[in-house]
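Structure assessment
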Amino acid sequence: MGTGSGTGGTGGTGMGTAASHPLLLLLFLHPCLQLGRACGPGTEKDVSTDPLMLCRACGAEVANGSDVGFVPSRLALSSRNDTLPGGRRVAVPNVQLFENPHGRRFEVIAFRRAGVALHWPADERASWFPGFAWTVATCPRCKAHLGWGFQPDHWPHTVTASHFEDSPSTFLGLIARALVTEEFASSLLVTPKSFVS
Ligand SMILES: [Zn+2]
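Residues numbered from 1 in each chain as written. Predicted model: local features only at pLDDT ≥ 70, side-chain atom pairs only at ≥ 80, totals over all residues.

Scanning the chain from N- to C-terminus turns up four helices and ten strands. Each helix (α) and strand (β) of the chain, taken in turn from the N terminus, gives the series α-β-β-β-β-β-β-β-β-α-β-β-α-α. Counting across all 197 residues of the chain, residues that qualify as buried make up 24%. Considering only intrachain contacts with a sequence separation of at least 6, the fraction spanning at least 24 residues in the chain is 55%. (Helix = DSSP H or I, 4+ residues; strand = E, 2+ residues; numbered from the N terminus. Buried ≥ 20, exposed ≤ 12 C-beta atoms within 10 Å, placed from the backbone. Contact = placed C-beta atoms within 7 Å.)

Pasting the structure below:
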């Protein structure tokens with residue numbers, strides 16, 4: 001019994017020391033958590049007003065709905081107003097249909113900017129936007145072909161990504177079918193729950 005209480009005493013001291021450390025950690029962590037919460041609502045608000053466009057293949061965030069623009073082309077076979085799929089629909093001013101020299105057709109949405117990887121050198125041949133040379137645009141994560149970057153055709157064929165991004169004379173034509181809205185992707189993620197029950 002005496003040995004037991006002795007061990008208990010030592011154990012109690014040990015636990016007391018150990019307990020003080022997590023408490024200190026909590027005190028340090030606490031302000032950080034509060035800061036995180038404070039930043040949260042602002043971020044969510046931004047997302048709701050500017051819906052994100054994701055790569056359909058992998059879900060990477062590649063564009064912002066607020067960056068949808070409209071660059072009319074006389075070479076478009078047709079153009080139509082449309083909405084991208086999603087719970088709260090995103091109006092797209094104009095989806096233009098183009099055909100490449102190989103006979104493949106693409107519905108293209110213009111964006112002022114997007115988080116895609118561009119592959120220089122640019123090529124002005126068979127450009128859908130006269131006066132602009134094109135580069136292939138791919139998903140930075142999965143490398144899926146998402147569309148094209150367009151830059152003035154008098155530019156050097158190869159420029160830096162920052163030169164392209166900083167210029168108001170450039171835009172991106174992304175393939176409508178290659179994108180989904182974040183909300184649409186979320187609705188797809190919810191679906192499997194119905195299979196569980
Ligand atoms: Zn991707």
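Attention shifts here to the confidence of the model for the chain. Put simply, the chain has an average pLDDT of 77, and 64% of its residues get 70 or more. Taken as a whole, residues 1-48 scores under 50 in pLDDT and shows one contact with residues more than four places along the chain or in a different chain. (pLDDT = per-residue confidence, 0-100.)

Another point: the nonpolar core. Grouped burial of nonpolar side chains is what soluble globular proteins tend to show. In this structure, Val62, Phe111, Val116, Leu146 and Leu174 are the most contacted members of the largest nonpolar core, which totals 34 residues. Of all the elements in the fold, those that place two or more residues in this core are strand S1 (52-55), strand S2 (61-64), strand S5 (105-111), strand S6 (117-123), strand S7 (132-138), strand S8 (145-152), strand S9 (171-175) and strand S10 (179-181). Not counting residues up to four positions away in its chain, the partners in contact with Val62 are Met53, Leu54, Cys55, Ala114, Gly115, Val116, Cys139 and Leu146. (Core = buried A, V, L, I, M, F, W, Y, C linked by C-beta atoms within 7 Å.)

Turning our eyes to something else, we now look at the sheet that holds S1. Pairing within the open sheet is antiparallel, and its three strands lie in the order S2-S1-S10. If you trace the sheet from one side to the other, it starts and ends with S2 and S10, each paired once. Each strand of the sheet is rotated relative to its neighbour by a mean of 35°, with strand direction disregarded. Inspection of the sheet shows S1 paired to S2 by three bridges, in the antiparallel sense. Residue pairing across strands places Leu54 opposite Glu61, the latter belonging to S2. (Pairing = 2+ DSSP bridges. Axes fitted to C-alpha atoms, helices over the stretch in contact; angles between N-to-C directions.)

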